[in-house]
Amino acid sequence: MPHPDLDSSEIEGHAPLEASSGAPVLVDRLGRPLHDLRISVTDRCNFRCRYCMPKEVFGADFAFLPRAEIMTFEEIARIARLFASRGVRKLRLTGGEPTLRAQLPALVEMLDAIPGMDIAMTTNGTLLKTMAEPLARAGLDRVTVSLDSLDDAVFRSMNDMDFPVAMVLEGIDAAEAAGLPVKVNAVVRRGVNDHTLLDLARHFRGTPHIVRFIEFMDVGSTNGWQMDEVVPAADLVRQIDAEFPLEPIEASYEGEVARRYRYRDGAGEIGVITSVTQPFCGTCTRARLSAEGSIYTCLFAAEAGADFRAAMRSGATDEDLLALIDATWTAREDRYSEQRSASTAGLRRVEMSYIGG
Ligand code: SAM
Ligand code: SF4
Ligand code: SF4
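Everything quoted here is computed from the prediction, not taken from an experiment. (Residues numbered from 1 in each chain as written. Chains lettered and ligands numbered in written order. Predicted model: local features only at pLDDT ≥ 70, side-chain atom pairs only at ≥ 80, totals over all residues. Heavy atoms only, no water.)

Draft legend 1. Just the packing of helix α1 (residues 73-84) against helix α2 (residues 104-112), in detail. With their axes 10 Å apart at the nearest point, α1 and α2 run at an angle of 30° to one another. For the element pair α1 / α2, the angle class is roughly parallel. Handedness of the crossing formed by α1 with α2: right-handed. Contacts from F73, E74, I76, A77 and A80 of α1 reach α2 at L104, A106, L107, M110 and L111. (Axes fitted to C-alpha atoms, helices over the stretch in contact; angles between N-to-C directions. Helix = DSSP H or I, 4+ residues; strand = E, 2+ residues; numbered from the N terminus. Parallel < 35°, antiparallel > 145°, perpendicular 65-115°, else oblique. Left-handed = near helix turned anticlockwise from the far one by under 90°. Contact = heavy atoms within 4.5 Å.)

Right, dumping it as structure tokens:
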């Protein structure tokens with residue numbers, strides 16, 4: 001169940017501190033605390049979104065991780081418990097497509113046993129119709145559903161598997177019926193779906209669901225990213241504001257990735273995630289665990305960090321694993337988005353489908 005997040009305003013300097021919960025607060029080399037852990041539960045997906053898993057690369061003969069290399073639920077829960085003892089209060093399940101992982105509610109139940117933990121999931125929504133209820137019952141607290149367009153032809157082409165919009169909308173309805181707060185993520189790609197975004201805003205205005213528009217990012221090295229395909233979030237906000245007047249509002253907590261705007265007529269709010277045009281590395285408090293058990297301290301990491309699966313399978317104690325967490329986080333100095341430039345363009349980067357965004 002959710003718990004008030006650690007108050008980052010208490011954190012100064014780089015020395016280990018004690019949070020109100022009694023857990024030590026780890027800070028990295030840039031003074032950023034560790035608050036969130038994103039857990040990729042599978043590297044597989046039933047979509048082939050061109051900006052993430054293009055078919056030319058993730059085709060029929062692509063070698064996904066064999067079962068034995070994927071972390072078991074017991075291993076994931078053990079790592080999550082250890083991260084919790086280092087101040088993590090928020091877990092996000094992701095993938096690939098997390099709902100493809102068999103028995104996912106059983107994992108959620110294990111994670112929900114960690115006191116004070118907020119458990120979220122990012123999903124393409126295709127399996128929520130049947131899974132929302134069991135996941136909510138198991139202790140899932142909230143869900144983010146990715147939906148890039150309400151235009152069926154545009155959406156089918158973006159997911160490149162001919163999945164219709166209607167199926168995702170049914171998933172969103174099922175999540176709402178199961179009592180899960182829903183956010184909707186839309187990646188914006190110039191010339192692909194940017195002409196359909198006002199419809200998305202219009203559709204979810206007046207509902208409790210918050211749409212968040214995400215600037216197309218240069219994650220991985222297979223999606224053919226070009227700067228001229230990024231629609232700056234400021235342009236998007238102007239476009240929506242012209243139709244439905246908006247005003248900026250405060251972040252709901254320190255380190256929130258989305259900038260928030262509310263409709264002046266009281267019909268709800270939207271968010272924009274400005275990773276390219278206005279990076280937010282300074283408040284990035286997230287670690288990422290890949291499906292095979294490596295820790296990444298940045299979405300744009302070139303190399304995997306500590307290999308928790310190998311450590312656990314060779315008999316590491318909890319103390320050994322805590323030392324790995326401490327060493328990884330205190331050495332962290334990633335701030336890729338702030339450094340993005342011509343010189344970073346050719347660098348090798350982990351694929352988004354591997355660590356889940
Ligand atoms: N399969 C799930 C889904 O699509 O929601 C979870 C994993 S997906 C990698 C997590 C989020 O990353 C999705 O909202 C997706 O739209 C976003 N994403 C993937 N590739 C991206 C890119 N190149 N730029 C921006 N966002 C991206
Ligand atoms: Fe799959 Fe999500 Fe990547 Fe699309 S964004 S290919 S749904 S992992
Ligand atoms: Fe965090 Fe890396 Fe993204 Fe910066 S580029 S916000 S450090 S994940």
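Once the structure has been displayed, the description carries forward.
Draft legend 2. Local environment of unusual backbone geometry. For the bond running from G95 to G96, omega is 15°, close enough to zero to count as cis. Mapped onto the elements, G96 comes out in the loop between β4 (90-94) and α2. With a phi angle near 60°, Q103 is a residue other than glycine that sits in the positive phi range. Note that Q103 resides in the loop between β4 and α2. When its relative accessible area of 60% is taken as the criterion, Q103 is described as exposed. A positive phi angle is found at D160, which is not glycine, with a value near 55°. Note on placement: D160 falls in the loop between α4 (152-159) and α5 (165-177). On the basis of relative accessible area, D160 is assigned to the buried category, the value being 15%. (Buried < 20%, exposed > 50% of the residue type's maximum accessible area, 1.4 Å probe, protein only.)

Draft legend 3. Structural view of the site of ligand 1. Around ligand 1 sit 19 residues in total, of which G96, E97, S146, M217 and M352 are the nearest. Between a nitrogen atom of ligand 1 and a main-chain N or O atom of Y51, the distance comes to 3.2 Å. Between ligand 1 and the protein, one listed contact pairs an oxygen atom with a side-chain N or O atom of N185 at 3.3 Å. Here ligand 1, which alone exposes 540 Å², has 95% of that area covered by the protein. Residue assignment for the shell around ligand 1 shows that the elements contributing at least two residues are β5 (118-123), β7 (182-188) and β8 (210-215). Looking at the shell around ligand 1 residue by residue, the classes come out as eight nonpolar, nine polar and two charged. (Near = heavy atom within 4 Å. Polar contact = N/O pair within 3.5 Å; in protein donor to acceptor, adjacent residues only side chain to side chain. Areas by Shrake-Rupley, 256 points an atom, 1.4 Å probe, with all protein chains shown as cover. Nonpolar A, V, L, I, M, F, W, Y, C, P; charged D, E, K, R; others polar.)

Draft legend 4. Summary view of the site of ligand 3. As a matter of local geometry, ligand 3 sits amid 13 residues, with C281, C284, C298, L299 and S337 nearest to it. Along the lines of polarity and charge, the residues of the shell around ligand 3 split into seven nonpolar, one polar and five charged.

Draft legend 5. Local environment of the sheet that holds β5. In space, the eleven strands of this open sheet follow the order β9-β10-β11-β8-β7-β6-β5-β4-β3-β12-β13, with mixed pairing throughout. In this open sheet, the two strands that pair with only one neighbour each are β9 (246-249) and β13 (295-296). Bridging between strand β12 (residues 286-289) and β13 involves two bridges; their strand directions are antiparallel. Among the inter-strand pairings, L289 is bridged to a residue of β13, identified as I295. (Pairing = 2+ DSSP bridges.)

Draft legend 6. Structural context of the packing of aromatic side chains. Taken as a whole and judged by the stated rule, the model has seven aromatic pairs. Considering the side-chain rings of F83 and F308, the 6.2 Å spacing of their centres and the 45° angle between planes classify their relative orientation as tilted. Note that F83 is positioned in helix α1 and F308 in helix α8 (residues 308-313), a separation of 225 residues in sequence. Counting every residue linked through ring pairs, the aromatic cluster contains F47, F155 and F163. Stacked on the ring of Y263, the Lys or Arg R205 has its end atom at 4.7 Å from the ring centre. (Phe/Tyr/Trp six-rings, centres within 6.5 Å; stacked < 30°, edge-to-face > 60°. Lys NZ or Arg CZ within 6 Å of the ring centre and 35° of its normal.)

Draft legend 7. View of the confidence of the model for the protein chain. With 89% of its residues at a pLDDT of 70 or more, the protein chain has an overall mean of 90. With pLDDT under 50 throughout, residues 2-20 is counted as low confidence; its partners more than four residues away or in other chains account for 44 contacts. (pLDDT = per-residue confidence, 0-100.)

Draft legend 8. Representation of the environment of D36 within the structure. Structurally, D36 is set in strand β3 (residues 36-40). C-alpha separation for the pair D36 and R286, spaced 250 residues apart in sequence, amounts to 4.7 Å. A distance of 2.7 Å separates a polar atom in the side chain of D36 from a polar atom in the side chain of T285.

Draft legend 9. Fine view of the nonpolar core. If you look at the biggest cluster of nonpolar residues, it comprises 104 residues, and the most contacted ones within it are F83, F213 and I240. At eight residues, α1 tops the list of elements feeding residues into this core. Not counting the four nearest positions on each side in its chain, F83 is found in contact with L34, L37, V88, A287, I295, F308 and I325. (Core = buried A, V, L, I, M, F, W, Y, C linked by side-chain atoms within 4.5 Å.)

Draft legend 10. Structural detail: the packing of α1 against helix α9 (residues 318-330). Interhelical geometry of α1 versus α9 gives an angle of 65° and a closest axis separation of 10 Å. Considering only the axes of α1 and α9, their crossing is right-handed. Between α1 and α9, the residues in contact are R78, L82 and F83 and D318, L321, L322 and I325, respectively. Counted by class, the contact of α1 with α9 contains five nonpolar, no polar and two charged residues.

Draft legend 11. Spatial organisation of the pattern of salt bridges. Taken as a whole and assessed by the stated rule, the structure comprises 24 salt bridges. R29 is the partner of E333 in a salt bridge, and the nearest nitrogen-oxygen pair spans 3.8 Å. On the criterion of sequence distance, the pair formed by E333 in the loop between α9 and α10 (336-339) and R29 in the loop between β2 (24-25) and β3 is long-range, its members being 304 residues apart. Assessed through its relative accessible area of 46%, R29 is described here as partly exposed. D326 is paired through a salt bridge with R86; the nearest N and O atoms lie 2.6 Å apart. Of this pair, D326 sits in helix α9 while R86 sits in the loop between α1 and β4, and the two are 240 residues apart along the sequence. (Salt bridge = Lys/Arg side-chain N within 4 Å of Asp/Glu carboxyl O.)

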